[in-house]
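# Working through the structure, step by step
Single-letter residue listing:
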Amino acid sequence: MNFSAELLELTKKAEAALADRFAELDRISFENTCKVMDAFREHRVSEAMFNPTSGYGYDDRGRDTLDAIWADVMGAEAAFVRHSIVNGTQALTIGLFGLLRPGDILFSIAGKPYDTLDEVIGNVGEAGNGSLRDFGVEYRQSDLTTDGQFDRERIESVLRAEGDRIKVVFIQRSKGYLNRRTLSVDDIGSIVPLIRKITPNAYIVVDNCYGEFTETREPTAVGVDMIIGSLIKNPGGGMAETGGYIAGTRRAVELASYRLTSVGCGLEVGATLGQNKNMYKGLFYAPHTTAQALKTAHLAAYIFGKEGLGFDVEPTWNERRYDIIQSVVTHSAEGLCAICRGIQAGSPVDAYVCPEPWDMPGYTDKVIMAAGAFTSGSSIELSADGPLREPYTAFLQGGLTYESGRIGILSAAEEVIRCGIKSL
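Note that the structure is a prediction, hence the values are computed from the model and not measured. (Residues numbered from 1 in each chain as written. Predicted model: local features only at pLDDT ≥ 70, side-chain atom pairs only at ≥ 80, totals over all residues. Heavy atoms only, no water.)

Turning our attention to helix H2 (residues 19-42). For an α-helix, the turn length of 3.6 residues means that residues three or four places apart are oriented alike. Between the first and last C-alpha of H2 there are 35 Å, a value that for 24 residues agrees with the 34 Å anticipated at 1.5 Å per step. Taken together, the buried positions of H2 are Phe22, Leu25, Ile28, Ser29, Asn32, Thr33, Val36, Ala39 and Phe40. Tucked into the core, H2 has its buried residues touching helix H3 (61-74), helix H9 (276-304) and helix H11 (402-418). Once H2 ends, the next one or two residues include Arg44, with phi positive near 55°. (Helix = DSSP H or I, 4+ residues; strand = E, 2+ residues; numbered from the N terminus. Expected span 1.5 Å × (residues − 1). Buried < 20%, exposed > 50% of the residue type's maximum accessible area, 1.4 Å probe, protein only. Contact = heavy atoms within 4.5 Å.)

Enumeration according to the criterion identifies 29 salt bridges in this entry. In this structure, Arg63 engages Asp64 in a salt bridge whose closest nitrogen and oxygen atoms are separated by 3.0 Å. Residue classification places Asp64 among the partly exposed positions, given a relative accessible area of 37%. Of the charged contacts, one joins Asp115 and Lys112 as a salt bridge, the two residues approaching to 3.3 Å between their closest N and O atoms. For Lys112, a relative accessible area of 25% corresponds to the partly exposed category. Where salt bridges share partners, they join Lys112, Asp115, Asp118, Asp365 and Arg389 into one cluster. (Salt bridge = Lys/Arg side-chain N within 4 Å of Asp/Glu carboxyl O.)

Turning to the sheet that holds strand S2 (residues 105-108), a few remarks are in order. If you walk across this open sheet you meet the seven strands as S1-S7-S6-S5-S4-S2-S3, and the pairing is mixed. Both outer strands of the open sheet, strand S1 (78-82) and strand S3 (138-141), are each paired with one neighbouring strand and no more. Looking at each pair of strands side by side, their axes are set apart by 20° on average, direction ignored. Where S2 lies against strand S4 (residues 166-172), four bridges are found, and the strand directions are parallel. Bridging from a neighbouring strand, Phe107 pairs with Val169 of S4. The sheet contacts of helix H4 (residues 88-99) involve S1, S2, S4, strand S5 (203-207), strand S6 (226-230) and strand S7 (244-248), and relative to S6 the element is tilted by about 155°. (Pairing = 2+ DSSP bridges. Axes fitted to C-alpha atoms, helices over the stretch in contact; angles between N-to-C directions.)

As a further point, take the sheet that holds strand S9 (residues 326-329). Pairing within the open sheet is antiparallel, and its five strands lie in the order S8-S9-S12-S11-S10. Looking at strand neighbours, the two that pair on one side only are strand S8 (312-314) and strand S10 (367-370), the edges of this open sheet. Across the sheet, the axes of successive neighbouring strands diverge by a mean angle of 20°, strand direction being ignored. With four bridges connecting them, S9 and strand S12 (residues 393-397) associate as antiparallel partners. In the strand pairing of S12, Val329 is matched with Thr393. Set on the sheet, helix H10 (residues 333-345) makes contact with S9, S10, strand S11 (383-387) and S12; between it and S11 the angle comes to about 155°.

Note: disulfide means a covalent bond formed between the sulfur atoms of two cysteine side chains. In total, this model carries zero disulfides according to the counting rule given. Of all cysteine sulfurs, the one in Cys337 lies closest to Cys354, which takes part in no disulfide; the gap is 8.5 Å. (Disulfide = S-S within 2.5 Å.)

Turning to the layout of surface pockets, a few remarks are in order. Gaps left between atoms show up when a probe the size of a water molecule is rolled over them. In this structure, the largest pocket encloses a volume near 630 Å³. If you go around the largest pocket, you meet 31 residues; those closest to its centre are Asn87, Thr89, Tyr114, Lys233 and Tyr363. Counting only elements with at least two residues in the lining of the largest pocket, the list comes to H4 and S11. Element by element, the count of residues in the lining of the largest pocket is highest for H4, at five residues. Residues that form the lining of the largest pocket fall into these classes: 13 nonpolar, 15 polar and three charged. (1 Å grid on protein atoms, 1.4 Å probe; cavity = no way out; pocket = protein on both sides within 12 Å on 5 of 7 lines; lining within 4 Å. Points joined across faces, edges and corners; volume = space filled by probe spheres on them. Nonpolar A, V, L, I, M, F, W, Y, C, P; charged D, E, K, R; others polar.)

Before going further, it helps to examine the packing of H2 against H9. The interhelical angle for the contact between H2 and H9, taken along N-to-C directions, is 170°, at an axis separation of 9 Å. Here H9 runs roughly antiparallel to H2, going by the angle between their axes. Across the interface between the two elements, Arg21, Phe22, Leu25, Asp26, Ser29, Asn32, Thr33, Val36, Met37 and Phe40 of H2 pack against Tyr280, Leu283, Phe284, Pro287, His288, Ala291, Leu294, Lys295 and His298 of H9. (Parallel < 35°, antiparallel > 145°, perpendicular 65-115°, else oblique.)

Keep in mind these values describe shape, not function.
This is how it looks when you write it as structure tokens:
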């Protein structure tokens, strides 16, 4: 691929400026890799655990061992990870339906959850589709403050007013499709004591998508009851071809397992059909692959931010990151689409395809999505997407290797320049 001399020079400046950040990411990756390998060693992982099972999947040693490893790595009492979970939205649905009962309240305290949960909750969509609202679960929300902090006054007010009816306090760690900062583990930990003091029986649930292995601990370390995520994001390491996980307290995970299969069966069943090896291998790669994606995001912030093309970006190039998402506010549909076209052209798969906005299932706005990935929809592989609505923000994430991620970012920058949207 041919990139302009000006863009290559800007990249050289970016990498020099980011040297300390990249070194810190390597340190975090090493510490998390040690944690993963300690768990593998402790649970005596062997080749026999990669063998497939069929039918009911009783006594699947590889499946059960992977669950135990996942709990250790996530710092949880229990966990399950399954290839049969189709995406992060289903994993979240399993968790929420597992914990909530008719008459309960779901209270989201980091603003609106990710768009695909709107119909699950029942905030949009037809009555009778099987949403939480259809089952008598009510919804409350507290937005973050303008500086991206929990609105403690609003949260305390709702907790005291609703009391024990609040069964789940929900926190979305990542920004999702919102123009706000991502929450760190410390941020999440800061609100846990308030929730425990007022509503000690409520489950605290964190949508952990995009955040795994960006720090050396997960939200379970600060007292939340459940974390939930997708294997085609960070924790699958680019190897898992599908799947999701839930980790947390033993009781919360048990209740979720009854929703995964059925009451009485829980985690005792579920054939692995030869997918164990990819999930084990993906977890092994995950800390390193996440670091590669974070390096790609830092570079994107420099290239697209005020040091380069002049877009508003969040986070900025030198800020600490708590997920792999880089947002670029374009303020135009063409700007958003140009970035997506460039990312697609710089991908290893389907580079010849031109992405177009479409009515994607689960979203209320048209969405454009660039994802030239080996695994369809994989967000740990470099991708860019966003809803066609103001302020037309492109959400970039992933990068299996920093080298390929850099190619994708430069390709997107070249497309923005070629279309006359911005210049160096």
